[in-house]
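# Topology and contacts: notes
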Amino acid sequence: ARYYLFWYEGKDRRSKPIGQDPSLALTELQKHERGREYIAAGGEVKDDPQRKRITIRDATEQWIEDQKLFVGKDGQGMSRKTITAYRSRLDFFVEFCSSGPMYMDQIDERCLRDYIQFLQAHEDDHSDRYVYNIFQTLNTFLRANGILVGGPLLAKLSFNSKPVKPYTDKELKDLFAASNEEEKLTFTFFLNSGGRESEVAFTEYSDLDFKANVLHIQPKPDRGFRLKGKKNGQKSAKDRFVPIPPTLMLKLKERMKTRRAHARDLVFPNSEGRPQGHFLRMLKDIAYRAGLNCGRCTGVMDGKHVSCKKHPVCGEWELHRFRKTFACWHHERNRVSVNTLREWLGHESLDVTLAYLKGADAASEPVQEQVANGALAAYV
């Protein structure tokens, strides 16, 4: 930890870094308290010309450096991607402060309200969700420095979450009908494992228990891969086990044998044997070949579908929908409990799993058929 001393002089808030040694920090605190008592008793203290106020730029740089202490090398701790995200988000606050407050003791509620307006009117046209994420990181930084005025403002910020729909039977049948064997195996694995994109990309044959038909999703420190989320403070999420249909496991076993792959080889590597980074491009390419887009998509340019972002139908082909389908179908059709699904999906909170299932029952084909043929429908 890095210790800071905070105090008020009238209405002005002051701060001072006092190192990482807790005993020295306590000594400095006691010394400061004795000085305050001396002043309260009528003593006079001359201004210390050596005292320096902490600039916002220096404070953010120091906080980023402090976070790097918690980056683990064995799949635990904070990820480097998180550090990079923290830096890029705090850069917006530094940009804002270049023409506003310069020191940490100048940050108050009015300052943060102006900052929110700055983000909302930014030339990068931030979405409501991204504004929330940026301000959330700033609030974490401010709290670490003893500034608590950002919390109430964060609670008032809101955004509309984009609903993720599970794939329908027809969509999956059409998709797999247009896929070659390799593509079908790849996205069948996405569908039946409930894995995130990075988890599928880093799956090795050693993670597959062919006898028990179970996939072991775990961090791989030697590959620099860690699982998403945290457990118990700074520790990363635990590994998990997911049941896989025997038919799919048999195909994967035959694939390993045909390719003469070793246990530590990746199941779905790129052409160089490294983790595949173009699963989404592969998926959209299948949808385009099969005509499963809006009909206005202009195809591929420099390896990218140039119109998929503009057209809603094209944009509906997303990798995360396989994960949503995994959860909804297991819950609705196989009656798997929500807590079991939470473990299979690797969610820390049950609320996250419930959000995956929100509205799923009402939109499911069995429920829709039951309502369409139900007693109430006779009065339509």
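Look a little higher up for the structure.
What comes next concerns the included structure. (Residues numbered from 1 in each chain as written. Predicted model: local features only at pLDDT ≥ 70, side-chain atom pairs only at ≥ 80, totals over all residues. Heavy atoms only, no water.)

### Concerning the sheet that holds strand E3 (residues 208–209)
- Pairing in this open sheet of three strands is antiparallel, and the strands run E3-E4-E7 from one edge to the other. With partners counted over all chains shown, the strands left at the sheet margins are E3 and strand E7 (240–243), one partner each.
- As paired strands, strand E4 (residues 214–217) and E7 are joined by four bridges and run antiparallel to one another. Within the sheet, the bridge partner assigned to Val214 lies in E7 and is Pro243. (Pairing = 2+ DSSP bridges. Helix = DSSP H or I, 4+ residues; strand = E, 2+ residues; numbered from the N terminus.)

### Remarks on the nonpolar core
- Among the nonpolar cores identified, the biggest contains 45 residues, and Phe187, Phe189, Leu208, Leu252, Phe268, Leu283 and Phe322 are the most heavily contacted of them.
- By residue number, the principal contributor to this core is helix H8 (residues 181–193), which donates five residues.
- With near-sequence residues (within four places) excluded, Leu252 lies in contact with Leu185, Phe189, Tyr205, Leu208, Phe210, Val267 and Phe268.
- In this structure, Met78, Leu112, Leu138 and Leu157 belong to the second largest nonpolar core, which totals 33 residues. (Core = buried A, V, L, I, M, F, W, Y, C linked by side-chain atoms within 4.5 Å. Buried < 20%, exposed > 50% of the residue type's maximum accessible area, 1.4 Å probe, protein only. Contact = heavy atoms within 4.5 Å.)

### Quick notes on H8
- Spanning 13 residues, H8 covers 18 Å between terminal C-alpha atoms, matching the ideal 18 Å at 1.5 Å per step.
- Listed in full, the buried residues belonging to H8 are Glu183, Leu185, Thr186, Phe187, Thr188, Phe189, Phe190, Leu191 and Ser193.
- Taken from the residues just after H8, Gly194 is the one with a positive phi, measuring 65°. (Expected span 1.5 Å × (residues − 1).)

### What to know about the pattern of salt bridges
- Inspection of the entire model under this criterion finds 21 salt bridges.
- Taking the shortest distance from any N to any O, the salt bridge between Arg196 and Glu199 comes out at 2.8 Å. Note on accessibility: Arg196 and Glu199 belong to one class, buried.
- A salt bridge links Glu343 to Arg342, with the nearest nitrogen and oxygen atoms 4.0 Å apart.
- On the accessibility criterion, Glu343 (42% relative accessible area) is partly exposed.
- Accessibility expressed as a relative area gives 16% for Arg342, which makes it buried.
- By sharing partners, the salt bridges in this structure join Glu204, Asp222, Arg223 and Arg264 into a single network. (Salt bridge = Lys/Arg side-chain N within 4 Å of Asp/Glu carboxyl O.)

### Observations concerning helix H15 (residues 350–357)
- Taken residue by residue, H15 has Thr353, Tyr356 and Leu357 as its buried positions. For H15, the angular spread of buried residues about the axis comes to 95°, placing them on one side.
- Near the N-terminus of H15, the side chain that reaches the backbone nitrogen of Asp351, with its oxygen 3.1 Å away, is that of Ser349. (Arc of directions from axis to C-beta. Polar contact = N/O pair within 3.5 Å; in protein donor to acceptor, adjacent residues only side chain to side chain.)

### Focus: the packing of helix H3 (residues 80–97) against helix H5 (residues 128–144)
- Where H3 meets H5, the axes come as close as 9 Å, and the angle between the chain directions of the two elements is 90°. What the angle tells us is that H3 and H5 run roughly perpendicular. Along the contact surface, H3 presents Tyr86, Arg89, Leu90, Phe92 and Phe93, while H5 presents Tyr130, Asn133, Ile134, Thr137, Leu138 and Phe141.
- Its residues assigned to classes, the contact of H3 with H5 comprises eight nonpolar, two polar and one charged. (Axes fitted to C-alpha atoms, helices over the stretch in contact; angles between N-to-C directions. Parallel < 35°, antiparallel > 145°, perpendicular 65-115°, else oblique. Nonpolar A, V, L, I, M, F, W, Y, C, P; charged D, E, K, R; others polar.)

These values are about where atoms sit, not about what they do.
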